[in-house]
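Topology and contacts: notes
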Amino acid sequence: MLRIQNINSYYGLAHVLKNVSLHINRGETVTLIGANGAGKTTLLRSISGLQAIRGGKVFLEGKEITQVPVEKKVRMGIAQVPEGRQIFWPMTVFENLEMGGFLVYKMHGRRQLIATIEEMFDVFPVLRNRRKQYAGSLSGGEQQMLAIAMALMLRPRLLLLDEPSMGLAPLIVREIFQILDRLKKENDLTVLLVEQNARVALNFADRGYVMETGRIILEDSASALLANQEVKRAYLGRD
Ligand code: ATP
């Protein structure tokens, strides 16, 4: 579904992505693991169009999308859940979902927008109960669910998830991944997941890539990476 060939990316003079190549098959969940600053977020942003790519190519279902602007990529079915739960704090849960569904409104009108919000409430019932609550007053887990629901409003085919477990209690992390698992099965969703929590990520994913200082240094099935001694030592801690 997605193929990246030798992409490079810079912040000023800093060369942050160095000839990165990867692919994601349709319906697959692929995870990127790596230490802080390895370039994982930059790679997600390069795919979604938030970060400029200099050199290299990105293909979505065989079509080159390297320099396609963000809004067009969204229309093509790529949605990103940014790191740090970037929701609108002074707005209610419902209003946040309206914002997330702006393109639904633009393309299909108000009725479809409301129907899509109701679907999100079916997926995340806790959000239905809090529809009138300000997003800033939600718990961390609820905020993450809202951030994911906002991206899902666009009915993406490819979901780019940046650190969904960040700062959340293990029980909440488990709940979020259970919901994601169900969503994947029901919606033919392909996922690229960035995680610091490598164990959670590899348990959820089919395959994984390990990044180190802007390069991919290892690629394998999630189960092989979980068993890999180097990965264990560097990213999984002790059992
Ligand atoms: P983390 O898990 O900490 O988010 P990461 O693997 O996602 O790390 P990136 O956020 O992609 O890493 O950062 C890669 C490198 O680029 C780091 O050295 C970082 O300091 C640098 N960087 C990230 N964003 C910017 C920016 N806006 N301007 C300049 N340098 C940046």
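This is a predicted model, so every value here is computed, not measured.

Our next topic: the site of the ligand. Taken together, 13 residues lie near the ligand, and Asn36, Gly37, Thr41, Thr42 and Gln196 sit nearest. Within the contact set of the ligand, an oxygen atom lies 2.7 Å away from a side-chain nitrogen or oxygen of Asn36. Examining the composition of the shell around the ligand, we find that three residues originate from one element, helix 1 (residues 40-48), more than from any other. Tallied by class, residues from the shell around the ligand come to four nonpolar, six polar and three charged.

The subject of this paragraph is the pattern of salt bridges. On inspection of all chains with the given rule, the structure shows 14 salt bridges. Linking Glu28 and Arg207 is a salt bridge whose minimum nitrogen-to-oxygen distance equals 2.7 Å. Pair noted here: Glu28 is in the loop between strand 2 (14-24) and strand 3 (29-34) and Arg207 is in strand 9 (residues 207-212), with a separation of 179 residues, a long-range link. The same class applies to Glu28 and to Arg207, which are both buried. Residue Arg131 is joined to Glu118 by a salt bridge in which the shortest nitrogen-to-oxygen separation is 3.7 Å. Residue Arg131 is found in the loop between helix 6 (125-129) and helix 7 (140-152), and its partner Glu118 is found in helix 5 (residues 110-123); the two are separated by 13 residues along the sequence.

Confidence in the prediction of the protein, expressed as mean pLDDT, is 93, and 99% of residues score 70 or more. Across the protein, the secondary-structure element scoring lowest on mean pLDDT is helix 4 (residues 102-108), at 89, and the one scoring highest is strand 10 (residues 215-221), at 97. Both confidence scores are given for the complex: pTM 0.92, ipTM 0.92.

Neighbouring strands of a sheet are bound in pairs by backbone hydrogen bonds; such pairs are parallel or else antiparallel. Read across the sheet, four strands follow the order 2-1-4-5 without closing on themselves; strand pairing throughout is antiparallel. Each of the sheet's edge strands pairs with one partner strand only, and the pair in question is strand 2 and strand 5 (63-64). The sheet contact formed by strand 4 (residues 57-60) and strand 5 spans two bridges and is antiparallel. From the neighbouring strand, Phe59 faces strand 5, where its bridge partner is Glu64.

A word on helix 8 (residues 170-187). Here helix 8 is 18 residues long and its end C-alpha atoms lie 25 Å apart, about the 26 Å a rise of 1.5 Å per residue gives. For helix 8, the complete set of buried residues consists of Val173, Ile176, Phe177, Ile179, Leu180, Leu183 and Lys184. Axial view of helix 8: buried residues confined to an arc of 160°, hence all on one face. Set apart from the buried face of helix 8 by more than 90 degrees, the exposed residues are Leu171, Arg174, Gln178, Lys185 and Glu186. Residues of helix 8 that are buried in the fold lie against strand 3, helix 5, helix 7, strand 7 (158-162), strand 8 (190-195) and helix 9 (198-204). A positive phi of about 50° marks Asp188, the residue just after helix 8.

Let's shift gears to the nonpolar core. Residues Leu97, Phe124, Leu146, Leu159 and Leu180 are the most contacted members of the largest nonpolar core, which totals 48 residues. Residue contributions to this core peak at eight residues, all from helix 7. A domain split of this core shows at least three residues from each of domain 1 (1-77 + 156-237) and domain 2 (85-155). When neighbours within four sequence positions are excluded, Phe124 is seen to be in contact with Met145, Ile148, Ala149, Leu152 and Ile179.

Next up on the list: the domain arrangement of the protein. Size of an interface, as often reported, equals the accessible area lost when the parts are brought together. Per the domain assignment, the segments of the protein are domain 1 (1-77 + 156-237) and domain 2 (85-155). Each of domain 1 and domain 2 has a C-alpha centre, and the two are 24 Å apart. The interface is formed by 19 residues belonging to domain 1 together with 15 residues belonging to domain 2. On the surface where domain 1 and domain 2 come into contact, there are one salt bridge. The salt bridge partner of Glu71 is Lys106, with a shortest N-O separation of 3.4 Å.

The rules behind these values
Residues numbered from 1 in each chain as written. Predicted model: local features only at pLDDT ≥ 70, side-chain atom pairs only at ≥ 80, totals over all residues. Heavy atoms only, no water. Near = heavy atom within 4 Å. Polar contact = N/O pair within 3.5 Å; in protein donor to acceptor, adjacent residues only side chain to side chain. Helix = DSSP H or I, 4+ residues; strand = E, 2+ residues; numbered from the N terminus. Nonpolar A, V, L, I, M, F, W, Y, C, P; charged D, E, K, R; others polar. Salt bridge = Lys/Arg side-chain N within 4 Å of Asp/Glu carboxyl O. Buried < 20%, exposed > 50% of the residue type's maximum accessible area, 1.4 Å probe, protein only. pLDDT = per-residue confidence, 0-100. Pairing = 2+ DSSP bridges. Expected span 1.5 Å × (residues − 1). Arc of directions from axis to C-beta. Contact = heavy atoms within 4.5 Å. Core = buried A, V, L, I, M, F, W, Y, C linked by side-chain atoms within 4.5 Å. Domains from an automatic or database assignment.

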